[in-house]
Amino acid sequence: MKPSTPLMESLLGERGTRIFLSVLVATAVLVPVLHLTFDAGSPLHLSSYTMTLIGKYMTYALLAVAVDLVWGYCGILSLGHAAFFALGGYAMGMYLMRQIGTRGVYADPILPDFMVFLNWKELPWFWQGFDMFWFAALMVILVPGLLALLFGWLAFRSRVTGVYLSIITQALTYALMLAFFRNDMGFGGNNGLTDFKDILGFGINQPGTRVGLFVASAIALGLGYLACRYITLSRAGRVVQAIRDAESRTRFIGYRVESYKLWVFTFSAVLAGIAGALYVPQVGIINPSEFQPINSIEVVIWVAVGGRGTLYGAVAGAVIVNYAKSYFTAAVPEFWLYALGALFVLVTLFLPRGVVGLADRFTPGSREPVPEAAKA
Amino acid sequence: MNASTALRQGWQKVFGTGARSERPIAPDTTHGTILYLEDITVSFDGFKALNALTLYVDAGELRCIIGPNGAGKTTMMDVITGKTRPDAGSAWFGQTIDLLTLTEPQIAEAGIGRKFQKPTVFEQHTVLENLELAAAGNKSIWATLFSPLTAVQRDRIDHVLETVRLQDRRDTRAGVLSHGQKQWLEIGMLLMQDAQMLLVDEPVAGMTPQEVERTAELLLSLEGQHSVVVVEHDMNFVRSIARKVTVLHEGHVLAEGTMDQVQNDAKVVEVYLGE
Ligand SMILES: Nc1ncnc2c1ncn2[C@@H]1O[C@H](COP(=O)(O)OP(=O)(O)OP(=O)(O)O)[C@@H](O)[C@H]1O
Ligand SMILES: [Mg+2]
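Within each chain, residue numbers correspond to sequence positions counted from 1 in written order. Key to labels: chains lettered from A, ligands numbered from 1, both in the order written. Only residues with pLDDT of at least 70 are given local features in this predicted model, and only at 80 or more are side-chain atom pairs given and counted; all residues enter the totals for whole chains, interfaces and linings. To obtain the side-chain values, all non-hydrogen atoms of the structure were used and water was disregarded.

J.: Got a sec to walk through the sheet that holds strand S6 (residues 112–115) of chain B? Specific residues and values, please.
T.: Residues and elements named next belong to chain B. Strand pairing is assigned whenever DSSP identifies at least 2 bridges connecting the two strands. Labels follow the DSSP assignment, with helices taken as runs of H or I lasting at least four residues and strands as runs of E lasting at least two, numbered in each case from the N terminus. With mixed pairing, the six strands of this open sheet are ordered in space as S6-S7-S8-S3-S9-S10. Edge positions in the open sheet fall to S6 and strand S10 (252–257), since each of these has one partner strand only. On average, each strand axis in the sheet is tilted by 20° relative to the strand beside it, whichever way the strands run. Where strand S3 (residues 62–66) meets strand S8 (residues 227–231), four bridges bridge the pair, whose relative direction is parallel. Within S8, the position partnered with cysteine 64 by the bridge is valine 230. Contact criterion: two residues are considered in contact whenever any of their non-hydrogen atoms come within 4.5 Å of each other. An axis is simply a line fitted to the C-alpha atoms; with a helix, the fit covers only the stretch in contact. Between two such axes, the angle follows the N-to-C directions and lies from 0 to 180 degrees. Across the sheet, helix H7 (residues 179–192) is in contact with S6 and strand S7 (197–201); its angle to S6 comes to roughly 170°. In the packing of helix H8 (residues 209–222) onto the sheet, contacts are made with S3, S7 and S8, and the angle to S8 comes to roughly 145°.

J.: Quick rundown of helix H4 (residues 127–134) of chain B? Include the residues and the values.
T.: Throughout, exposure labels follow a simple rule: accessible area from a 1.4 Å probe, protein chains only, divided by the maximum for the residue type, with under 20% read as buried, over 50% as exposed, and the rest as partly exposed. For H4(B), the buried fraction is high: eight of the eight residues fall into the buried class. Of the residues making up H4(B), those classed as buried are Val127(B), Leu128(B), Glu129(B), Asn130(B), Leu131(B), Glu132(B), Leu133(B) and Ala134(B). Against helix H9 (235–245) of chain A together with helix H6 (151–163) and H7 of chain B lie the buried residues of H4(B).

J.: Quick rundown of the packing of aromatic side chains? Include the residues and the values.
T.: The rule is short: rings of Phe, Tyr and Trp, with Trp giving its six-membered ring, pair when the centres are within 6.5 Å, and they are stacked under 30 degrees, edge-to-face over 60, tilted in between. Applying the stated rule across the entire model yields 26 aromatic pairs over all chains. Ring geometry for Tyr90(A) versus Phe180(A): centroids 4.5 Å apart, planes at 50°, classification tilted. Here Tyr90(A) is found in helix H4 (residues 81–100), whereas its partner Phe180(A) is found in helix H7 (residues 162–181), with 90 residues between them in sequence. Each member of the pair, Tyr90(A) as well as Phe180(A), carries the same accessibility label: buried. With a centroid separation of 5.9 Å and an interplanar angle of 85°, the aromatic rings of Tyr36(B) and Tyr56(B) are classed as edge-to-face. Placement of the pair is Tyr36(B) in strand S1 (residues 33–44) and Tyr56(B) in strand S2 (residues 47–58), with a sequence separation of 20 residues.

J.: Just give me the short version of the pairing of S1(B), but keep the residues and values in it.
T.: All names here are of chain B. Across eight bridges, the pairing between S1 and S2 is antiparallel. Each bridged residue has a counterpart across the sheet, and for phenylalanine 44 the counterpart in S2 is phenylalanine 47. The turn joining S1 and S2, which pair antiparallel and follow one another in sequence, is formed by two residues; a positive phi near 50° is taken by aspartate 45. For S1 and strand S4 (residues 88–93), the ladder comprises five bridges, and the chain directions are antiparallel. Looking at S4, one finds that tyrosine 36 is bridged to tryptophan 92.

J.: Tell me what's going on with the interface of chain A and chain B, and back it up with residues and numbers.
T.: How large an interface is tends to be reported as the accessible area lost when its parts come together. Counting from both sides, the interface comprises 29 residues of chain A and, opposite them, 33 residues of chain B. Using a 1.4 Å probe, buried area is obtained as the accessible area two parts lose upon being combined, added over both of them. Buried area between chain A and chain B, summed over both chains or domains, comes out near 2,700 Å², and the portion from carbon and sulfur atoms is 61%. Salt bridge, as used here: a side-chain nitrogen of Lys or Arg that lies within 4 Å of a carboxyl oxygen of Asp or Glu. Taken together, the links from chain A to chain B amount to one salt bridge. N or O atoms within 3.5 Å of each other form a polar contact, as long as, within protein, one can give a hydrogen and the other can take it, and as long as residues adjacent in sequence are counted only when both atoms are side-chain atoms. There are 13 residue pairs in polar contact (both at pLDDT 80 or more) connecting chain A and chain B. Contributing elements (two or more residues each) for the side of chain A that touches chain B: helix H8 (207–233), H9, helix H10 (247–252) and helix H11 (257–283) of chain A. Ranked by residue count, the leading element in the side of chain A that touches chain B is H9(A), at eight residues.

J.: Residues and numbers for the UniProt feature "transmembrane region" (unreviewed entry) in chain A, please.
T.: Residues and elements named next belong to chain A. UniProt positions are given in the numbering used here, feature names are shortened, and annotations may be inferred rather than shown by experiment. In the numbering used here, UniProt assigns the feature "transmembrane region" (unreviewed entry) to residues 20–38, 58–88, 132–156, 163–181, 211–228, 260–280, 300–323 and 335–356. End C-alpha to end C-alpha, residues 163–181 measures 27 Å, and it is 100% helix and 0% strand. As annotated, residues 211–228 has a helix share of 100% and a strand share of 0%, and its two end C-alpha atoms lie 26 Å apart.

J.: Provide a residue-level description of the pairing of S10(B), including the pertinent values.
T.: As paired strands, strand S9 (residues 244–249) of chain B and S10(B) are joined by five bridges and run antiparallel to one another. Each residue of the ladder has a partner; that of Thr246(B), found in S10(B), is Glu256(B).

J.: Can you tell me about empty space enclosed by the protein, naming the residues and giving the values?
T.: Unoccupied space between atoms shows up once a probe the size of one water molecule is rolled over them. All names here are of chain A. Of the grid points, spaced at 1 Å and generated over the protein atoms alone, those admitting a 1.4 Å probe that cannot get out make up cavities, while open sets with protein on both sides within 12 Å along at least five of seven lines make up pockets; any residue with an atom within 4 Å of a point is treated as lining. Grid points are joined across faces, edges and corners, and a volume is the space filled by probe spheres set on the points. All chains considered together, the criterion is met by two cavities of 30 Å³ or more. Of the voids in this model, the second largest cavity is the one considered here, and its volume is about 30 Å³. Along its surface, the second largest cavity is lined by Met51, Thr52, Arg210, Leu213, Phe214 and Gln282. When contributions to the lining of the second largest cavity are tallied by element, the ones reaching two or more residues are helix H3 (48–73) and H8. If you tally residues by element for the lining of the second largest cavity, the top one is H8, at three residues.

J.: Pulling in residues and values, what's your account of the packing of H3(A) against H11(A)?
T.: Residue and element names in this part refer to chain A. Look at H3 against H11: their axes get within 8 Å of each other, and the N-to-C directions meet at 170°. The angle between the axes of H3 and H11 places the two elements in the roughly antiparallel class. Across the interface between the two elements, Thr52, Gly55, Lys56, Thr59, Tyr60, Leu62, Leu63, Ala66, Val67, Leu69 and Val70 of H3 pack against Val264, Phe265, Phe267, Ser268, Leu271, Ala272, Ile274, Ala275, Leu278, Tyr279, Gln282 and Val283 of H11. Just so you know the grouping, Ala, Val, Leu, Ile, Met, Phe, Trp, Tyr, Cys and Pro go in nonpolar, Asp, Glu, Lys and Arg go in charged, and all remaining residues, Gly too, go in polar. Residue composition of the contact of H3 with H11, by class: 17 nonpolar, five polar and one charged. Here the angle decides the label: under 35 degrees means roughly parallel, over 145 means roughly antiparallel, 65 to 115 means roughly perpendicular, and every other value means oblique.

Encoded structure:
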């Protein structure tokens, strides 16, 4: 610890972080340039499909960073973070639905198609305000944040930890999935929200809009990463890691362990929500399957594969596993889940510090003191 | 209470901004005594681990407690730190703090630090970070997130590093320290918490002779500023640091005095040293 070093210097004072940020900046600049300046025929052209895919990976990476913060640093194995991601996505989806207006199949100026189809006459109260972007953006933060705050308050106050906590986070996302599947909940049932037309007045499929969403995802990932890195470098970060390693001892030396956990959990849920909000306009749909319990487990696997407790490992894991997933589900779709399970077992057994731990092993003199496995 | 005050109080509860968490109470030692244990009795299923134990410790004193296995030494520490509640008797920290009404963390905060036999440091954190975590001061999220250590706290860390002789280990992960170094680090953490009274249970068990010697020096250097109560079986060690020795036997004080006095006490020779 060098308390006097300027902020930027200590934020970047780590090889993995510098590599990640360099790659991120290069990607954020090069991809749009290759996409916009070269014609579709040119060998240097980068398709809209590829750019959107990378943008989607970036939102996954932000979700993984959020999970690494709670799991890798604070030892809270949340198996429900995809729920916060999906809630952020729904908040954005509701804004996008209300932008459709009369361009829907039923051409109702206020009601989204599925409501007309259900014979609803009026917009439900919880859809009010979502025609305004600022309101939707606020909800992207508030809805996952308040849910995490309430859930965490109940769980941490009653000292629910370890595998019990993991199980109730699974129950949370499962319950939300069942709720969102219901038509009368007012979120489009199993079809979810889709057929978006524009965002902030720009056509959602316009090349410029696509580039804007891509760059916004890169910025969100960069800032979210730096915020987490700042937290882990601060004294609060060391308290959080102390809680992970020896919770009652930390309580004994005078820290309010429950408050710290609640705060980290809530902050992380907000990051997950933002990631979800950027994901939805790029993939063009949000439906209840995003709440599937397996999704949250997958995120934890990304982090484990990349190497938890490093932040940049979470990014690497999200990209590697999702790239593998795109490949597998195209080639041999029925094997993906087995491959994922095998990957998790192999990493747990042979690479406790993940891919980045492996990389460190082959570059002498660069080892970071990476924490040992946080007990789940 | 209206909604905004409720919100503000909730916020302060979680983030601890606003009111700083100053030490609520400090021991009043104007009469020269820091710890008063009177007629303490602790029974486990009818068996009296402590039997009307009465013991006083002076402010700044270094006191050694010896006694055969099962004499009640650890139980006495459990009573002082609030881990075990006695069936009878009183326990006061200074003139004004009734230990029997406080919880374990409150007692720790009031200034009684305990070192258990097994070292409990944060193994993944460096020596410096361990001391920093233990530093007395504002421990709210807001403070730890946005304000670095104060100059006073940093000086205190340097001072404690020197006292426990771990200056050249400051950036070492605590997990790789030797057993003895971990014990010293833990004592250092108690000092960082501004513990006025240190309870140290069997500090030299498992240490090398050099480490034992250094530990003796460390405990002696604390005398004066801190009251230290050391429980130890190692007689050579006790002899090397002892000022005043208390012999416990079957839950009460058998003898008290200098090492020479207790060693020549007929009752002590009979039950303990004579074995
Ligand atoms: N929780 C408990 N339940 C029942 N008996 C207990 C309990 N704790 C301690 N005792 C008994 O009380 C007596 C005093 O124990 P204590 O641990 O205080 O002794 P000690 O002086 O520290 O011994 P040692 O030198 O072996 O550490 C022992 O006979 C012990 O078996
Ligand atoms: Mg004992």
